[in-house]
Amino acid sequence: MQFLEDMRRTMPALSDVRKRTWVFVPYDRLNDRCGPLATLAPADSGIILIESHAKGRNRPYHKKKVLLVLSSMRHFAREQRACGVAVIYRNAPESYGEQLLQIQEECGLPKILTAKPAERELCKDLDTAIQQGLRLTFQEDDAWLSTDEDWEQVFGAAPPRSNAENAKYSRTKRQYLMERFYRHMRRKTGLLMASTSFVGGKLSFDEQNRQPYRGEARVPKRPSFPPDAITLELIEWLSSNGVASIGTFDGFDLPVTAQDCATYWRFALDELLPSFGPYEDAMSSSEPMLFHSAISGLMNLSRLLPRDVVADVQAAYDGMRIPLASAEGFIRQILGWREFMRHVHRITDGFRTLEQRPDPPANRTANPYSSLLVKEINAAAPDRPATPSALDAHLPLPPAYWGERSGMFCLDTVVGHVLEHGWSHHIQRLMVLSNLATLCGFSPRELTDWFWVAYIDAYDWVVESNVLGMATFSDGGLTATKPYVSGAAYINRMSDYCGKCPLDPRRSTGPGSCPFTALYWTFLERHYDLLSSNQRLRMPYITLRKKSTSEKQELLDRASRAIGQLERGEIVD
Ligand code: SF4
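Residues numbered from 1 in each chain as written. Predicted model: local features only at pLDDT ≥ 70, side-chain atom pairs only at ≥ 80, totals over all residues. Heavy atoms only, no water.

**Focus: the overall build of the protein chain**
Then, number 1: Along its length, the protein chain carries 23 helices and nine strands.
Then, number 2: For 573 residues, the compact-globule estimate of 2.2 N^0.38 gives 25 Å, and the protein chain sits close to it at 24 Å.
Then, number 3: With the C-alpha coordinates of the protein chain rotated into their principal frame, the extents come out at 85 × 55 × 45 Å.
Then, number 4: Scored against the burial criterion, the 573 residues of the protein chain give a buried share of 58%. (Helix = DSSP H or I, 4+ residues; strand = E, 2+ residues; numbered from the N terminus. Rg over C-alpha atoms; globule rule 2.2 N^0.38 Å. Buried < 20%, exposed > 50% of the residue type's maximum accessible area, 1.4 Å probe, protein only.)

**Describing the domain arrangement of the protein chain**
Then, number 1: The assigned domain composition of the protein chain is domain 1 (2–139), domain 2 (178–347) and domain 3 (361–568).
Then, number 2: Its C-alpha centre places domain 2 at a distance of 25 Å from the equivalent point of domain 3.
Then, number 3: Counting from both sides, the interface comprises 31 residues of domain 2 and, opposite them, 35 residues of domain 3.
Then, number 4: Taking both sides of the interface into account, the surface hidden between domain 2 and domain 3 amounts to around 2800 Å²; carbon and sulfur atoms contribute 66%.
Then, number 5: Counting across the interface, domain 2 meets domain 3 through zero salt bridges.
Then, number 6: Across the contact surface, domain 2 and domain 3 share 15 residue pairs in polar contact (both at pLDDT 80 or more).
Then, number 7: Contributions of two or more residues to the side of domain 2 that touches domain 3 are made by helix H12 (296–299) and helix H14 (324–347).
Then, number 8: Looking at which element gives the most residues to the side of domain 2 that touches domain 3, the answer is H14, with eight residues. (Domains from an automatic or database assignment. Contact = heavy atoms within 4.5 Å. Buried area = accessible area lost by both parts, 1.4 Å probe. Salt bridge = Lys/Arg side-chain N within 4 Å of Asp/Glu carboxyl O. Polar contact = N/O pair within 3.5 Å; in protein donor to acceptor, adjacent residues only side chain to side chain.)

**Some details on the sheet that holds strand E4 (residues 86–92)**
Then, number 1: With parallel pairing, the five strands of this open sheet are ordered in space as E4-E2-E1-E5-E6. Two strands bound the open sheet, and with one partner strand each, they are E4 and strand E6 (136–139). Going from strand to strand, the sheet's axes swing by 30° on average, the running direction of each strand aside.
Then, number 2: As defined by bridge partners, strand E2 (residues 45–52) adjoins E4 across seven bridges and the pair is classed as parallel. When the bridges of E4 are listed, isoleucine 50 appears paired with arginine 90.
Then, number 3: On the sheet, helix H4 (residues 63–82) packs against E2 and E4 and is oriented at approximately 160° with respect to E2.
Then, number 4: Contacts from helix H6 (residues 120–131) reach strand E1 (21–24) and E6 within the one sheet, and its direction differs from that of E6 by about 145°. (Pairing = 2+ DSSP bridges. Axes fitted to C-alpha atoms, helices over the stretch in contact; angles between N-to-C directions.)

**Here we look at the packing of H4 against helix H10 (residues 229–240)**
Two numbers describe a pair of packed helices, the interaxial angle and the distance between the axes.
Then, number 1: Axis separation between H4 and H10 bottoms out at 10 Å; the angle between their running directions is 135°. Put simply, H4 runs oblique to H10. For the pair H4 and H10, the crossing hand works out as right-handed. Together, Val66, Leu67, Leu70, Ser71, Arg74, His75 and Arg78 of H4 and Ile230, Thr231, Glu233, Leu234, Ile235 and Leu238 of H10 make up the contact between the two elements.
Then, number 2: By residue class, the composition of the contact of H4 with H10 is seven nonpolar, three polar and three charged. (Parallel < 35°, antiparallel > 145°, perpendicular 65-115°, else oblique. Left-handed = near helix turned anticlockwise from the far one by under 90°. Nonpolar A, V, L, I, M, F, W, Y, C, P; charged D, E, K, R; others polar.)

**Considering the confidence of the model for the protein chain**
Then, number 1: Per-residue confidence for the protein chain averages 93 on the pLDDT scale, and 96% of its residues sit at or above 70.
Then, number 2: Here residues 377–381 scores under 50 on pLDDT; set against residues more than four positions off or in separate chains, the count is ten contacts. (pLDDT = per-residue confidence, 0-100.)

**Focus on the packing of aromatic side chains**
Then, number 1: In total, this model carries 27 aromatic pairs according to the counting rule given.
Then, number 2: By the ring-pair criterion, three or more aromatic residues cluster together here, those being Trp151, Phe155, Tyr176, Phe181, Trp337 and Phe340.
Then, number 3: Positioned above the aromatic ring of tryptophan 452, the side-chain terminus of arginine 59 is 3.5 Å from the ring centre.
Then, number 4: The side chain of lysine 63 reaches across the aromatic face of phenylalanine 249, ending 5.9 Å from its centre. (Phe/Tyr/Trp six-rings, centres within 6.5 Å; stacked < 30°, edge-to-face > 60°. Lys NZ or Arg CZ within 6 Å of the ring centre and 35° of its normal.)

**What to know about the site of the ligand**
Then, number 1: The environment of the ligand is formed by Met408, Cys410, Ile491, Tyr497, Cys498, Cys501, Leu503, Pro505, Cys514 and Phe516.
Then, number 2: Residues belonging to the shell around the ligand are distributed by class as follows: ten nonpolar, no polar and no charged. (Near = heavy atom within 4 Å.)

**Quick word on the packing of H14 against helix H18 (residues 460–471)**
Then, number 1: Their axes nearest at 8 Å, the elements H14 and H18 cross at an angle of 90°. What the angle tells us is that H14 and H18 run roughly perpendicular. In this structure, H14 contributes Trp337, Arg338, Met341, Arg342 and His345 to the contact, and H18 contributes Asp460, Trp461, Glu464, Ser465, Asn466 and Met470.

**Let's talk about the pairing of E1**
Then, number 1: Sheet topology note: the E1/E2 ladder contains four bridges and is parallel. From the neighbouring strand, tryptophan 22 faces E2, where its bridge partner is glycine 46.
Then, number 2: In this sheet, strand E5 (residues 112–115) lies alongside E1 in parallel orientation, the contact comprising two bridges. For valine 23, the partnering residue across the bridge sits in E5 and is leucine 113.

**Focus: the pairing of E6**
Side-chain direction in a regular strand flips from residue to residue, so the side chains alternate between the two faces of the sheet.
Then, number 1: Sheet analysis places E5 next to E6, joined by four bridges and oriented parallel. Each residue of the ladder has a partner; that of threonine 114, found in E6, is phenylalanine 138.

**Concerning the environment of glutamate 79**
Then, number 1: Tracing the backbone shows glutamate 79 in helix H4.
Then, number 2: A relative accessible area of 22% means that glutamate 79 is categorised as partly exposed.
Then, number 3: Taking the C-alpha atoms as reference points, glutamate 79 and aspartate 32, 47 residues apart in sequence, are found 9.9 Å from one another.
Then, number 4: What glutamate 79 contacts, discounting residues up to four positions off in sequence, is Thr257, Ala258 and Arg303.

**A word on the nonpolar core**
Then, number 1: Core analysis: the biggest nonpolar cluster contains 183 residues, and Ile48, Leu49, Trp265, Phe340, Tyr401, Leu436 and Trp450 have the highest contact counts within it.
Then, number 2: The biggest single contributor to this core is H14, with twelve residues.
Then, number 3: Once residues within four sequence positions are removed from consideration, tyrosine 401 is found in contact with Leu411, Val415, Leu419, Leu433, Leu436, Ala437, Phe442, Leu447 and Trp450. (Core = buried A, V, L, I, M, F, W, Y, C linked by side-chain atoms within 4.5 Å.)

Here you go:
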């Protein structure tokens, strides 16, 4: 362990340690321009970075994610040391809080500063250590673009927390709409604003961002950053220490130094974003990433700061290097969705304030992959995973999500890419993976945990909000006006998947038909009581009511057959 030995060797003497102000830098705040570190002089400060095996035991992670996080941490430590900041770097079995307690005692630190952690999971860990004597002082986390006050200005105070109030709360159909929050944030930041008006005369250009990709524009080749000595040492250590993980280290070429992250972002800004907007929702089997910047993994570690990213996009728009629809679509993702979702997670205590409907214990052994998911559903556990399921969906996530072939080209293609790279863009997440799960009635908790395990950019505040909230309607409409579901027509229009699929997207019943459409109609039928009064679903329900009993039965037969085949790990035919 050359890196750790090097860190130990260069640790400052105790006399120097006590002269400095110490900052705990969590794994996801690897930037000296945010948090307490931003205001301290390097010669007066020290940072504590911790690798915790306990975190790795919470769930398996994608190998490329573990590598991205740990290698970025190690490079950040080196970068800070080169600037004159003292570094304490630990790798141990204990949790972050437990290791901080040990460091506090060993070094006699009167206090340690940190920014309020983004991950709820880390907050809980640190809270426990604080109760045991850790002297940790929290500061506002200024890596975000919005504050708690921004949220309250738009939506009022946080919802009630007591059980009785929770039940009432989940029945009140209170709704938080991203658009309202985004509107506020645009005005607050001045991004894409012309005085008090939105540039281009409206808030969103979403309707211009829905073109399918038919090879019209060449997708530029992304820069590649082959593993250096630090990353290679990590691969060796992770491979020989049996860390529970999925996917592969092969082909890892993500940027892990500050300089390489900046290089990658410059490429994305100059080469990808000019064409991003029109094809934002398109899906291509030959170009899975299309013009998406794919910086979420870097931004969620703070290697790239959202404030820099949106400012760069604004400047590129001002310089006429990015069209308005692309700039707005991109800024909406960061300033709108990303900030909105993290607040939803915060104010619902990670969706624990909603009514909880855990999956049955039998799900834990449903298929050979079930043990990879977090299944702590013991009601007595102090902090069990949130299990809202407004649609009462509890079927086990099927083997197809772990790479077993389903015969559904869209699903197999997207899953294959995710298992290899730990990433896919938002429409593949929403309209293939989550759409299918919602239509079939797969457990939203299992789907959430799958995303958490499989994606390099997954952290509780983003994965739970996006999957339990937006993608599966498990929150009963708290964050979305209707479930994001569709039949085969949407996937056929927005991708080239259906042309390569043995199933027929134009047929909805019988063998060989695409199951998406039958699943869609049976989903609407199954949730008639809950959804039929939803104004945004008025037209589909009018169409559904016109279907004959026999037609509905044929759709149900087709949908049931497909669900059964998926659950058994068979080819859907
Ligand atoms: Fe997916 Fe159906 Fe299209 Fe096949 S036909 S790719 S299953 S939507």
